[in-house]
Each structure stands twice: as structure tokens, then as C-alpha cells.
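# What the coordinates show
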Amino acid sequence: MRALVRTTPTAEQLPIISRNSYGVEVICGAAGSGKTSTALMRLKSLIYMCDARHKRESIDKPINVLVLTFNRTLSGYVKALVDSQLDTDLKVDVEISTFAKWARRSINNGKICPEAKAESKIKELSAHIIALSPEYIVKEVDYLLGRFSIADIENYIQYERTGRGAVPRVERTLRRELLDKVVYPYKQWLSEEGYIDWNDLAVMMSNETQSIGYDIVIVDEAQDFSANQLRAIKHHLSIESSLTFVMDTVQRIYARGFTWSECGFDVRPGKVFQLRKNHRNTRQIANFAKHVLEGIAVEDNGALPDLNAASKDGDLPYIVNGNYLQQVDWAITFIKENIDLSLESVAFLKPKGGAWFTTLKNKLNENSLPFVEITRDSEWPDGDENIALCTFHSAKGLEFDHVFILGLSGENTACSEINIDDGLIVLQKLLAVAVARARLRVAIGQKIGEESVLSAYFTDALVQVVNL
Ligand SMILES: Nc1ncnc2c1ncn2[C@@H]1O[C@H](COP(=O)(O)OP(=O)(O)OP(=O)(O)O)[C@@H](O)[C@H]1O
């Protein structure tokens with residue numbers, strides 16, 4: 001499957017790519033605006049800048065580069081572009097990794113608590129708090145432990161809950177209850193069981209390790225990193241270093257939120273670069289993705305997709321109504337009749353993984369259509385396979401020519417009423433992220449009577465409906 005490649009920089013990308021400076025910079029823009037490509041294409045000039053300084057100051061060590069991506073699939077996806085930036089004559093050490101893998105290399109003494117176990121403990125402790133659902137409390141705890149270290153966790157009481165929705169309201173008294181009845185007992189339980197969790201790992205990466213001293217760091221999909229992870233990255237920079245955050249807060253799908261200053265970064269307006277063109281989607285896809293995001297407040301460092309930013313036209317997104325088997329048959333026939341799999345890629349994306357893919361896999365096998373499964377832990381496939389199966393979460397940052405989202409339903413996009421605001425926003429963002437993966441075509445399948453809450457955004461004028 002095609003990975004991210006070098007392109008000819010546009011007028012808006014060129015000044016960023018050729019800019020040589022130390023300090024923190026942020027590249028933002030809507031999905032498909034070329035943020036990741038731009039950040040990686042500037043690696044070469046940053047490496048030359050560091051090399052010149054090393055020579056000037058007689059520093060005899062390799063230039064230390066770290067590229068952090070959101071998941072392992074994305075590491076493989078960006079690798080070719082990173083490699084193309086390296087000059088074999090220079091001594092450069094490059095590490096492309098996820099935060100977890102990178103941190104585990106330095107901190108390997110703590111036993112990580114399995115996520116399901118931590119979640120069930122938090123839910124058990126949440127039983128006394130009736131104002132919020134246990135699922136919501138799990139996300140809130142992850143949010144606050146990602147944002148604050150245990151030493152300053154009391155700040156949670158008065159800080160604005162940046163990055164969280166307005167409903168349900170989480171007032172001070174409720175926050176006090178969350179800390180006293182859930183967070184502190186949870187931390188106590190972790191230590192009694194001899195565990196650390198992923199948030200502890202980030203904190204330990206700042207407090208318990210010597211700085212590795214990176215000269216250049218690029219953090220892709222930075223909107224989904226936690227404040228504690230960003231502090232850890234800061235700790236490992238060398239004194240003169242270049243750090244680039246690639247982000248779009250509109251695509252934030254985890255319970256995250258922070259201000260630059262609380263993470264210790266001085267990001268001035270002149271250091272934030274906004275890309276406006278859309279290099280990936282057709283106008284029809286960009287317009288639909290924007291519509292799916294209707295009503296969402298755009299925070300700093302975020303941008304909505306924009307049909308005027310795209311330059312090519314294509315089919316209107318398909319809304320395919322029928323039972324699931326009919327949707328799958330329709331998609332397979334569509335692929336056979338319209339798509340040259342030796343040249344074009346296809347992704348089947350779903351809100352949830354595992355058994356949700358079983359029928360589809362059987363049908364693809366029956367039709368001799370080879371596919372690869374891209375999960376959170378898998379590598380980007382570098383073979384000739386051109387059909388990928390993955391969840392919306394795992395598709396972040398990736399792109400495909402054709403995207404099929406079959407079996408979208410109320411069941412796999414459930415959103416409990418009390419949390420409707422927060423839950424719905426995340427669902428809207430997830431669907432928009434999934435839709436915006438498509439270069440040429442998008443099709444969404446649903447069964448009438450079992451539609452997702454998201455079907456409210458499938459406005460007739462923006463889609464073409466196929467009734468099976
Ligand atoms: N200057 C350019 N000319 C042509 N294509 C480009 C250019 N810059 C980027 N692209 C292409 O645009 C697509 C999107 O690029 P990229 O993944 O870097 O965008 P992004 O903003 O990081 O997207 P997302 O937020 O969805 O992850 C890729 O196919 C990339 O090769």
C-alpha cells in the first residue's frame with residue numbers, strides 16, 4: 001500500500017520547509033492539508049542546520065532525531081518520507097516511534113496495568129457518583145491524569161476543562177468528588193497492585209530519566225498527545241533543539257486538552273503555521289466532512305475541512321441503504337466494476353474492530369479480494385495488497401483512494417443520553433476523520449431503522465443515495 005511520499009512543496013509549504021530555526025513550531029491545518037508531509041520535508045534543512053552547529057562547536061556526536069507518531073501504523077506510513085530526507089554523508093540517528101514504545105525503552109521497570117483492568121477499577125470506584133456515567137468518568141480520569149501530574153493534580157478543580165465538551169457540566173463540587181472518590185483511590189490501588197498506567201509512564205519519562213538530548217523532534221497528530229506526554233518530550237530536548245508539532249484540534253478524538261504554556265512551551269503567534277490547501281480530498285468529500293462536523297467549536301490550532309481548499313471534483317459521497325449483506329455485496333461489486341486494485345487503494349473503516357469485521361472478511365475471501373488488517377499495533381503494509389481493514393481510530397493520519405464505511409449503526413456509534421454533547425462531538429469527529437481519509441470516493445452503508453445518530457448529517461444535497 002502506498003506510503004507518504006515526497007511532493008513538490010507549494011507556495012504555502014515552502015517557507016515552512018526551508019525555515020531553519022531552533023525552538024517550538026506548530027504546523028496546523030485541516031485534514032489533508034499536507035501538515036505531516038510539510039513537517040517531514042523540513043527535516044533535511046533542520047539536519048543541515050544542526051550539522052553546521054555541530055561542526056562549528058566541534059560537537060562529535062550524531063544528530064539525534066525523533067519522530068513520534070500516534071500509532072505504529074502511522075510510523076510505517078511516514079518512514080519512507082523520513083528516510084528520503086536523510087543525507088547518507090551525515091551522522092544522523094533517527095528514531096520513528098509511538099510515544100508508548102519510545103517511553104518503554106527508557107522506563108522498563110514498571111508493570112503497566114492492562115487497560116481493561118484499570119477501566120474496570122475506575123468504573124467500580126465511580127459507582128458512588130451518580131451525576132456522571134461510569135464510561136464518562138473513565139474518560140475524565142484519563143483526561144485529568146494525562147493533563148496534570150499527581151503533584152499538581154489539585155489544579156483540576158479550578159482549571160478550565162480545555163478540550164472537553166460543555167455537557168455534562170462538571171462543576172467544582174463534582175470535580176472534588178472525582179478526585180477524592182475515584183482518582184486518589186485509583187492511584188492508591190495501582191500502587192498496591194504494583195502497577196503503573198500509561199499516564200504514569202509519561203510522568204516518569206519527565207521525572208525519572210536523564211534527558212536523551214534530541215536535536216530535532218517532530219510530533220505528528222499532536223492534538224491527541226496528553227500534556228504529560230508533551231512535558232516528557234520537552235524534557236528530552238537538547239538545549240538548542242527544534243521541535244515541530246503537527247496538529248489539528250478538530251481531529252482530536254481522545255479526551256485531551258492543554259495549553260502550551262502549562263506544558264512549558266512558549267509558542268508565539270509567529271511560530272504557528274496554518275496550511276490552507278487540501279491536497280487529498282475532492283471538493284465533494286471535503287464538503288461532506290465539513291458538514292459532518294456541523295456545530296463543533298473550532299479551538300486554537302484546528303481547522304474545518306473546506307470545499308474551496310480542495311482542487312479536484314469527484315462523485316458525491318454514497319449513502320447506501322440496505323441490510324448489511326446487501327451493503328457488502330454492493331461494495332464488492334463496486335470495487336470489481338470501478339476500481340483498479342493494482343493502482344488504487346481501498347479501506348473498509350468501522351467505528352469498532354474485532355468481530356465487527358468478520359462478515360466482511362469472509363465475503364472478501366469468497367470473492368478472492370486479498371486484504372490486510374491494520375490495527376493499532378500493526379505495521380503499515382508495504383506489500384502490494386490494496387485493501388485495508390481498520391477502525392476509525394487506527395485510520396488517523398492515513399489515506400486511501402476509496403473509503404467504505406459499511407454497517408454504520410446506532411449500535412456501533414452508541415452515545416448515552418446524559419453525555420450526548422461530549423459523546424456526539426467525538427462521534428462526529430471520528431466520522432469526519434474517517435471520511436477525510438478518502439482521496440476519491442466515500443460510501444457509507446446503513447440499514448434503515450437502525451441508523452446511527454450521525455445519519456442526521458447525511459444531507460440529501462451533499463450525498464447520492466443508493467437504495468438496495
Ligand atoms: N505540495 C503537495 N503537492 C501535492 N500533494 C501534496 C503536497 N503536500 C501534501 N500532499 C499530499 O496530500 C496528502 C495529505 O498529506 P498529509 O498526510 O501530509 O496531510 P495532513 O494534513 O497531515 O493530513 P491529516 O491531518 O489527515 O493527517 C498526501 O497524499 C500528500 O502526499
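Residues numbered from 1 in each chain as written. Predicted model: local features only at pLDDT ≥ 70, side-chain atom pairs only at ≥ 80, totals over all residues. Heavy atoms only, no water.

Taken domain by domain, the protein chain consists of domain 1 (14–107 + 210–276), domain 2 (111–199) and domain 3 (279–467). Between the C-alpha centres of domain 2 and domain 3 the distance comes to 32 Å. On the side of domain 3, six residues touch domain 2, which itself brings 11 residues to the contact. Summed over both partners, the interface of domain 2 with domain 3 buries about 730 Å², with 44% contributed by carbon and sulfur atoms. The interface formed by domain 2 and domain 3 holds zero salt bridges in total. Run the count over domain 2 and domain 3 and you get zero residue pairs in polar contact (both at pLDDT 80 or more). Residue composition of the side of domain 2 that touches domain 3, by class: five nonpolar, four polar and two charged. (Domains from an automatic or database assignment. Contact = heavy atoms within 4.5 Å. Buried area = accessible area lost by both parts, 1.4 Å probe. Salt bridge = Lys/Arg side-chain N within 4 Å of Asp/Glu carboxyl O. Polar contact = N/O pair within 3.5 Å; in protein donor to acceptor, adjacent residues only side chain to side chain. Nonpolar A, V, L, I, M, F, W, Y, C, P; charged D, E, K, R; others polar.)

On to the UniProt feature "domain: UvrD-like helicase ATP-binding" (unreviewed entry) in the protein chain, then. Following the UniProt record, the feature "domain: UvrD-like helicase ATP-binding" (unreviewed entry) maps to residues 8–282 here. When the span residues 8–282 is considered, its composition is 41% helix and 19% strand, and the gap between its end C-alpha atoms is 19 Å. (UniProt positions renumbered as here; feature names shortened; annotations may be inferred. Helix = DSSP H or I, 4+ residues; strand = E, 2+ residues; numbered from the N terminus.)

Examined against the element boundaries, E399 turns out to sit in the loop between β14 (387–391) and β15 (400–405). Judged by relative accessible area, which is 11%, E399 ranks as buried. Polar side-chain contacts of E399 include one of 2.5 Å to the side chain of R280. In contact with E399, not counting residues within four places along its chain, are R2, Y77, R280, S345, R437 and R439. (Buried < 20%, exposed > 50% of the residue type's maximum accessible area, 1.4 Å probe, protein only.)

With that settled, consider the nonpolar core. Ranked by size, the top nonpolar core spans 69 residues in total, and within it L40, L349, F400, I405, L431, V435 and I444 carry the most contacts. With seven residues, the single largest contributor to this core is helix α14 (residues 420–435). Looking at which domains feed residues into this core, each of domain 1 (14–107 + 210–276) and domain 3 (279–467) gives three or more. Aside from chain neighbours lying at most four places away, what touches L349 is C390, F392, A395, V403, F404, I405, L406, A434 and R437. Core analysis: the second largest hydrophobic core is formed by 32 residues, L201, A227, F245 and F258 among them. (Core = buried A, V, L, I, M, F, W, Y, C linked by side-chain atoms within 4.5 Å.)

Now for the pattern of salt bridges. For the structure shown, the criterion picks out 37 salt bridges. A salt bridge links E124 to K121; its shortest N-O distance comes to 3.1 Å. Here E124 and its partner K121 are both found in helix α6 (residues 115–126), three residues apart, which amounts to about one turn of the helix. On the basis of relative accessible area, K121 is assigned to the buried category, the value being 14%. For E299, the salt bridge identified is with R252, shortest N-O distance 3.3 Å. Here the residue E299 occupies a position in the loop between α11 (283–292) and β10 (310–312), and R252 occupies one in the loop between β7 (237–247) and β8 (272–275), the gap between them amounting to 47 residues. Owing to a relative accessible area of 30%, E299 belongs among the partly exposed residues under this scheme.

We now examine the packing of helix α9 (residues 198–207) against helix α10 (residues 227–235). The interhelical angle for the contact between α9 and α10, taken along N-to-C directions, is 25°, at an axis separation of 8 Å. Taken together, the axis directions place α9 and α10 in an arrangement best described as roughly parallel. For the crossing formed where α9 meets α10, the hand is left-handed. In this structure, α9 uses A202, V203, M205 and S206 to contact α10, whose residues at the interface are N228, Q229, R231, A232 and H235. Per-class residue counts for the contact of α9 with α10 are four nonpolar, four polar and one charged. (Axes fitted to C-alpha atoms, helices over the stretch in contact; angles between N-to-C directions. Parallel < 35°, antiparallel > 145°, perpendicular 65-115°, else oblique. Left-handed = near helix turned anticlockwise from the far one by under 90°.)

Applying the stated criterion to the full structure yields 20 aromatic pairs. Aromatic pair F148 and Y156: ring centres 6.4 Å apart, planes at 65°, arrangement edge-to-face. For the ring pair F348 and F404, a centre distance of 5.2 Å and an interplane angle of 25° mean the geometry is stacked. A residue pair is termed long-range when its members are at least 10 positions apart, and F348 in strand β12 (residues 346–350) and F404 in strand β15 qualify at 56 residues. (Phe/Tyr/Trp six-rings, centres within 6.5 Å; stacked < 30°, edge-to-face > 60°.)

Here the focus is the sheet that holds β8. What holds strands together in a sheet is hydrogen bonding between their backbones, with the strands either parallel or antiparallel. Pairing is parallel in the open sheet, where six strands are placed in the order β3-β2-β6-β7-β1-β8. The strands lining the two open edges of the sheet, one partner per strand, are β3 (92–98) and β8. Direction aside, neighbouring strands of the sheet carry axes that sit 15° apart on average. In the sheet, strand β1 (residues 23–29) pairs with β8 via four bridges, with the strands oriented parallel. Residue pairing in the sheet places V26 in a bridge with V272 of β8. Each of β2 (63–69) and β3 touches helix α4 (residues 72–84); the most contacted strand, β3, lies at about 150° to it. (Pairing = 2+ DSSP bridges.)

This part takes up the UniProt feature "binding site: ATP" (unreviewed entry) in the protein chain. Here the UniProt feature "binding site: ATP" (unreviewed entry) sits at G29, A30, A31, G32, S33, G34, K35 and T36. Cross-referencing the annotated residues with the largest cavity identifies A31 as lining it. Mapping A30 onto the fold places it in the loop between β1 and α2 (35–41). Residue classification places A30 among the buried positions, given a relative accessible area of 11%. In contact with A30, other than residues within four places in its own chain, are K35, D248, Q251, L275, A303, L304 and P305. For K35, a relative accessible area of 9% puts it in the buried group. (1 Å grid on protein atoms, 1.4 Å probe; cavity = no way out; pocket = protein on both sides within 12 Å on 5 of 7 lines; lining within 4 Å.)

Turning next to the confidence of the model for the protein chain. With 99% of its residues at a pLDDT of 70 or more, the protein chain shows a mean pLDDT of 93. The ipTM, which scores confidence in the relative placement of chains, is 0.99 for this predicted complex, and the corresponding pTM is 0.95. (pLDDT = per-residue confidence, 0-100.)

Turning our eyes to something else, we now look at helix α5 (residues 99–106). Side chains of residues three or four places apart in an α-helix project in the same direction, reflecting 3.6 residues per turn. Buried residues of α5: F99, W102 and A103, and no others. The buried residues of α5 occupy an angular sector of 95° when the element is viewed end-on, so they sit on one face. Within α5, the exposed residues directed more than 90 degrees away from the buried face are K101 and R105. (Arc of directions from axis to C-beta.)

The next thing to look at is the site of the ligand. Neighbouring the ligand are 22 residues; Q13, K35, T36, S37 and E399 lie closest to it. S33 is positioned such that a nitrogen or oxygen atom in its backbone is 3.2 Å from an oxygen atom of the ligand. Mapped onto the shell around the ligand, the elements with two or more residues apiece are α2 and β9 (278–282). When grouped by side-chain class, the residues that make up the shell around the ligand number four nonpolar, 12 polar and six charged. Composition of the shell around the ligand by domain shows at least three residues from each of domain 1 (14–107 + 210–276) and domain 3 (279–467). (Near = heavy atom within 4 Å.)

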